[in-house]
Amino acid sequence: GPRRDHAPAGPVRGLIEPILDRRLARDAGAPLAVALSGGGDSLALLILTLDWARTRNRAVHALVFDHGLHPGSDGWTAFAVAAARRLGARATALRWEGGKPSAGLPAAARAARHAALADAARRIGAHVILMGHTADDRLEAAWMRREGGSVSDPAEWTPSPAWPEGRGVFVLRPLLDARCATLRDLLRARGETWLDDPANDNQNFARARAR
């Protein structure tokens, strides 16, 4: 029978493929980097990116960043790396080493992740990192602003915020019009499972309260 990872992507493909066609050069030889956590959004992004890249002879490299903030994070990283390789992507595990700040941890973790992703992208020759932010992330950002936060909406196309690691590297978020539920429907249709980050349930963090 047909391979599950080639099952129809439905309406999501109609959202992502025009963005990839517009933002990415068809004849470029550089690999594409995908930030993969093993969660539903990033796993769906990897699958859709692989679908697009297969017809354009582009290599796809999943970058899995382990914040090292949870006892189970090694297992999550192993799950994500294995999933990426099974789907046909290359995969590299990255880890946030050293001490962690006692205050401002979410912001510090994001900065460390961007720096590690950008550095790894440059090492493999990738100029673009795809990230799995969705319409739900936009809704969360709007809620956080109403609660007095200064968080901005995720943008489709930006330079990497890491410096100097991110020089010459761009971030592409092609799923900003897709809902998380739709992406999970895609994963279920392809027989895929994904991870749910327990930090999403930690009410000490504003983003978890927004969700």
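Here, every reference points to the structure presented above.
Residues numbered from 1 in each chain as written. Predicted model: local features only at pLDDT ≥ 70, side-chain atom pairs only at ≥ 80, totals over all residues. Heavy atoms only, no water.

Digging into helix H1 (residues 11–23)
Condition: Exposed residues in this analysis have more than 50% of their type's maximum accessible area, buried residues have under 20%, and partly exposed residues fall in between, with area computed by a 1.4 Å probe over protein chains only. For the purposes of this entry, the term helix denotes a DSSP run of H or I that reaches at least four residues, the term strand denotes a run of E that reaches at least two, and both are numbered from the N terminus. Here the arc refers to the set of directions running from the helix axis out to each C-beta atom. By definition, residues are in contact when any of their heavy atoms lie within 4.5 Å.
Listed in full, the buried residues belonging to H1 are Val12, Ile16, Ile19 and Leu20. Angularly, the buried residues of H1 cover 100° about the axis, an arc narrow enough to put them on a single face. What points out from H1, more than 90 degrees from its buried face, is the exposed set Pro11, Gly14 and Arg22. Looking at the packing, one finds that the buried side of H1 touches helix H2 (40–54), strand E4 (128–130), strand E6 (170–172) and helix H6 (180–189).

Notes on the packing of aromatic side chains
Condition: For this analysis, a ring pair means two rings from Phe, Tyr or Trp (six-membered ring only for Trp) whose centres lie within 6.5 Å, classed as stacked if their planes differ by under 30 degrees, edge-to-face if by over 60, and tilted for the remaining angles. We call a charge positioned above a ring when the Lys NZ or Arg CZ atom is no farther than 6 Å from the ring centre and deviates by at most 35 degrees from the ring normal.
Tallied over the entire structure, the rule returns one aromatic pair. Ring centres of Trp157 and Phe170 lie 5.2 Å apart, and the angle between their planes is 10°; this geometry places the pair in the stacked category. Here Phe170 lies in strand E6 and Trp157 lies in strand E5 (residues 157–159), a separation of 13 residues in the sequence. Stacked on the ring of Trp96, the Lys or Arg Lys100 has its end atom at 5.0 Å from the ring centre.

Some details on the side chain of Asp66
Put simply, the rule reads: N or O atoms within 3.5 Å of each other form a polar contact, as long as, within protein, one can give a hydrogen and the other can take it, and as long as residues adjacent in sequence are counted only when both atoms are side-chain atoms.
Within the element layout of this structure, Asp66 appears in strand E2 (residues 60–66). One polar contact links the side chain of Asp66 to the main-chain amide nitrogen of Gly68, over a distance of 2.7 Å. Ignoring sequence-local partners within four residues, the contact set of Asp66 consists of Ser73, Asp74, Thr77, Leu94, Arg95 and Trp96.

Some points on the sheet that holds strand E1 (residues 32–35)
Short version of the rule: A pair of strands counts as paired when DSSP detects no fewer than two bridges linking them. Axis angles are defined between N-to-C directions and span 0 to 180 degrees, where every axis is a line fitted to C-alpha atoms and, for a helix, only to the segment in contact.
One open sheet holds the six strands; their spatial order is E3-E2-E1-E4-E6-E5, and the pairing between them is mixed. Two strands bound the open sheet, and with one partner strand each, they are strand E3 (90–95) and E5. Averaged over all adjacent pairs, the angle separating strand axes in this sheet is 30°, with direction ignored. The pairing of E1 with E4 spans two bridges and is classified as parallel. Within E4, the position partnered with Ala33 by the bridge is Ile129. In the packing of H2 onto the sheet, contacts are made with E1, E2 and E4, and the angle to E1 comes to roughly 165°.

Considerations on the pattern of salt bridges
What counts, and what does not: Salt bridges are defined by distance alone: a side-chain nitrogen of Lys or Arg within 4 Å of a carboxyl oxygen of Asp or Glu.
With the rule as written, the count across this model stands at 15 salt bridges. For Asp51, the salt bridge is made with Arg54, and the minimal N-O distance between the two is 3.3 Å. In this pair, Asp51 and Arg54 are both assigned in helix H2, three residues apart and thus about one turn of the helix distant. For Asp51, a relative accessible area of 9% translates into the label buried. Among the ionic contacts, a cluster of salt bridges with common partners joins Arg13, Glu17, Asp51, Arg54 and Arg190.

Section: the environment of Arg167
With respect to the helices, strands and loops of the structure, Arg167 is situated in the loop between E5 and E6. With 40 residues separating them along the chain, Arg167 and His127 place their C-alpha atoms 9.4 Å apart. Residues within four places of Arg167 in sequence aside, it is in contact with Arg122 and Ala162.

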